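# An overview of the molecular structure
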Amino acid sequence: MIRRGLLFACLTGLAFAAPAADVATGVFKDVLFSQYSNLSSSTELARRLVTPLNAWRLQRHAAGLGIAIAEQPIDLAKERFALYVPAQMPPGGYALLVFVPPWDEASMPAAWTSILERHGMILVTAAHIGNDTSLLDRREPVSLLAASNVMARYRVNPQRVYVGGFSGGSRVALRLALGYPDVFHGALLEAGSDTLGRTVPLPPLSLLEQFQSSTRLVYFTGQRDTANQDADRQSRASLHDWCIDDFDVRAMPWTGHDLAEPPALDRALTSLETHSATDPAKLDACRARIASDVDKALGQVDADIAAGKLDNAKQRLDDVDRRYGGLAAPRSVELATRLEPAAPHKP
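Residues numbered from 1 in each chain as written. Predicted model: local features only at pLDDT ≥ 70, side-chain atom pairs only at ≥ 80, totals over all residues. Heavy atoms only, no water.

## What to know about helix H9 (residues 280-306)
Taking 1.5 Å per residue as the helical rise, H9 with its 27 residues ought to reach 39 Å, and the 39 Å between its terminal C-alpha atoms agrees with that figure. Looking only at H9, the buried set comprises Leu-283, Cys-286, Ile-290, Val-294, Ala-297, Leu-298, Val-301, Asp-304 and Ile-305. For H9, the elements touching its buried residues are helix H6 (205-214), helix H7 (226-241), helix H10 (310-324) and helix H11 (331-339). At the N-terminal boundary of H9, the capping side chain belongs to Asp-279, with an oxygen 3.1 Å from the backbone nitrogen of Ala-281. Downstream of H9 by a residue or two, Gly-308 has a phi angle that is positive, lying close to 80°. (Helix = DSSP H or I, 4+ residues; strand = E, 2+ residues; numbered from the N terminus. Expected span 1.5 Å × (residues − 1). Buried < 20%, exposed > 50% of the residue type's maximum accessible area, 1.4 Å probe, protein only. Contact = heavy atoms within 4.5 Å. Polar contact = N/O pair within 3.5 Å; in protein donor to acceptor, adjacent residues only side chain to side chain.)

## Some thoughts on the state of the cysteines
Inspection of the entire model under this criterion finds 1 disulfide. With its sulfur 2.1 Å from that of its partner, Cys-243 forms a disulfide with Cys-286. Given an S-S torsion of about -90°, the disulfide between Cys-243 and Cys-286 has left-handed geometry. Highlighted residues: Cys-243 in the loop between H7 and strand S10 (247-249) and Cys-286 in helix H9, separated in sequence by 43 residues. Of the two residues, Cys-243 and Cys-286, both sit in the buried class. (Disulfide = S-S within 2.5 Å.)

## Description of the environment of Leu-205
Relative to the assigned elements, Leu-205 resides in helix H6. Considering only alpha carbons, one finds Leu-205 and Ala-329, 124 residues apart in sequence, at a separation of 8.8 Å.

## So, the pattern of salt bridges
If the charged atoms of two oppositely charged side chains come close together, the side chains can form a pair. Within this structure, the stated rule accounts for 23 salt bridges. Taking the shortest distance from any N to any O, the salt bridge between Asp-266 and Arg-118 comes out at 2.6 Å. Taken together, the residues span a long stretch of sequence, with Asp-266 in helix H8 (residues 262-272) and Arg-118 in helix H3 (residues 113-119) at a distance of 148 residues. Exposure remark for Asp-266: the relative accessible area of 15% places this residue in the buried category. Note that Asp-248 and Arg-216 form a salt bridge whose closest N and O atoms lie 3.9 Å from each other. One end of the pair, Asp-248, is in strand S10; the other, Arg-216, is in strand S9 (residues 216-220), with 32 residues separating them in the sequence. Of the two residues, Asp-248 and Arg-216, neither departs from the other in class, the shared state being buried. Taken together, the salt bridges that share partners define one network made up of Glu-44, Arg-47, Arg-48 and Asp-182. (Salt bridge = Lys/Arg side-chain N within 4 Å of Asp/Glu carboxyl O.)

## Quick word on the pairing of S9
Within S9, 5 of the 5 residues are buried, which leaves the element mostly enclosed by the surrounding structure. Residues of S9 alternate between two faces, with Arg-216, Val-218 and Phe-220 on one and Leu-217 and Tyr-219 on the opposite face, all of them buried. Where the polypeptide runs from strand S8 (residues 186-190) across H6 and back to S9, its parallel neighbour, the crossover connection is right-handed. The pairing of S9 with S10 spans 3 bridges and is classified as parallel. Paired with Val-218 across the two strands is Asp-248, which belongs to S10. Each parallel crossover has a hand, and for S9 linked through H7 to S10 it is right-handed. (Right-handed = clockwise from strand over helix to strand, strands pointing away. Pairing = 2+ DSSP bridges.)

Below, the structure written as structure tokens:
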């Protein structure tokens, strides 16, 4: 297990100061962080970002092999980050954008700094979290640790904490926003998105409800990037299935699969911080519909088990797990324990 204290709190040779208005500002590379968070633990990652049956099966498999899952999948002493801190801190504290790239280098577009300055927004990104790296083992926990460490070292307004990305990194940002609505209050999805409840697992009910009521999504894709424009449309259609209305579309004319130019980024960030109020009656009705659908689907699994149709029950339960994720737990896991024998333990 990895348990480390505040051992490496330095920024390219300069110690991090306590959150204050006179901390070091500008662009920094090869940043070292040291503070771990329970939110980046293997248990929380599995609970929030993996379907309950997949998490349950992973735990059983590890137990059967006698393997202990590490408390923290990341060794921060080996990680490096890039950071931009605006010269002027807003009265209520900085905004924060955790940026997930498709590339491996910890870098940020130099042209973006003037826009980040205008919005009073810190940007942090990590090295070696490109598209070829693991979601659960690297990209997601490293990004969460980036957020928690910046918030520990700078005065950040917790209501202005966002996650974003480009291309494959944007898909990671959507997963993090959905699984961690208590951290991220919006997601900037540039040229990459997925469908919720299929590609992106749904988190437990309390987290989905928080996402529904407090998270803003901005889809931000080049007009000529047809493949990702289509993916965005499918992603937005899935939002309606799960009672999510607070989103905006910011297409970039004459642009392909390219990183945003400063004016386009400026408009997207302005939209990201412009939340739309939810309709309470509409939201309640939508949530009741989902609850009824989940109960019906699980009831069908239960009926198949009672009738001895175990193969049908297993297939139905896997379908429920993929479709409803954390909304079907813990009942889905309870049904699974009736269908699958206990995993053998390694002597």
